[in-house]
Amino acid sequence: MDLPPQGDVKLLDTPVARRLLAASLVARLAYTSRDGTPRLIPVNFLWTGAELVVGAFAGTYKIRDLSARPDVAVCLDTADGLPQVLMLRGKVTLAEVEGVLPEYATI
């Protein structure tokens, strides 16, 4: 199977990416804190088919840091059997909502 080049969003439509994005996995979110040091944290996520949604409570360090430096990397992977890995990079978009995230309410 010929794959698109690394960085091409068409890779999100490959069988491995679709499987990982639909799985009940914990993702690892990497970002740079306000003081310039790296952070790597586990996060729950939901793939909507267009975006990766991660929830956080207002006022947390994560929200403060991502507001200042929105560049992130995310890793979804498996360790059982043959490893499967999806790594994403980009900028976050922060949105404030009242109550539970609509995406999380669908689960």
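What comes next is a walk through the structure. All values derive from a computational prediction rather than experimental measurement. (Residues numbered from 1 in each chain as written. Predicted model: local features only at pLDDT ≥ 70, side-chain atom pairs only at ≥ 80, totals over all residues. Heavy atoms only, no water.)

### Thoughts on the nonpolar core
Let me state the cut-off plainly: Throughout this description, the term nonpolar core refers to a set of buried Ala, Val, Leu, Ile, Met, Phe, Trp, Tyr and Cys residues connected via side-chain atoms within 4.5 Å. Throughout, exposure labels follow a simple rule: accessible area from a 1.4 Å probe, protein chains only, divided by the maximum for the residue type, with under 20% read as buried, over 50% as exposed, and the rest as partly exposed. Each helix is a run of DSSP H or I of at least 4 residues and each strand a run of E of at least 2, with the numbering of both proceeding from the N terminus. It only takes one pair of heavy atoms within 4.5 Å for two residues to be counted as in contact.
Membership of the largest hydrophobic core comes to 14 residues, with the highest contact counts inside it found for Ala27, Leu29, Leu76 and Leu86. Taken together, the elements giving at least two residues each to this core come down to α1 (15-22), β1 (27-32), β5 (71-77) and β6 (85-91). In contact with leucine 86, other than residues within four places in its own chain, are Leu12, Ala17, Leu20, Leu21, Val74, Cys75 and Leu76.

### Quick notes on the sheet that holds strand β2 (residues 38-43)
Applied cut-off: Pairing between strands is defined by DSSP: at least two bridges between them are needed. Under this scheme, a helix contributes an axis fitted over its contacting stretch, all axes are lines through C-alpha atoms, and angles between N-to-C directions fall in the 0 to 180 degree range.
In space, the four strands of this open sheet follow the order β2-β1-β5-β6, with antiparallel pairing throughout. Each edge of the open sheet carries a strand with a single partner, namely β2 and β6. Within this sheet the neighbouring strands show an average axis-to-axis angle of 20°, counted without direction. Inspection of the sheet shows β5 paired to β6 by seven bridges, in the antiparallel sense. Counted as the bridge partner of alanine 73 is arginine 89 from β6. Against the sheet, α1 contacts β5 and β6, and its axis sits at roughly 75° relative to β6.

The analysis is restricted to geometry; functional conclusions fall outside its scope.
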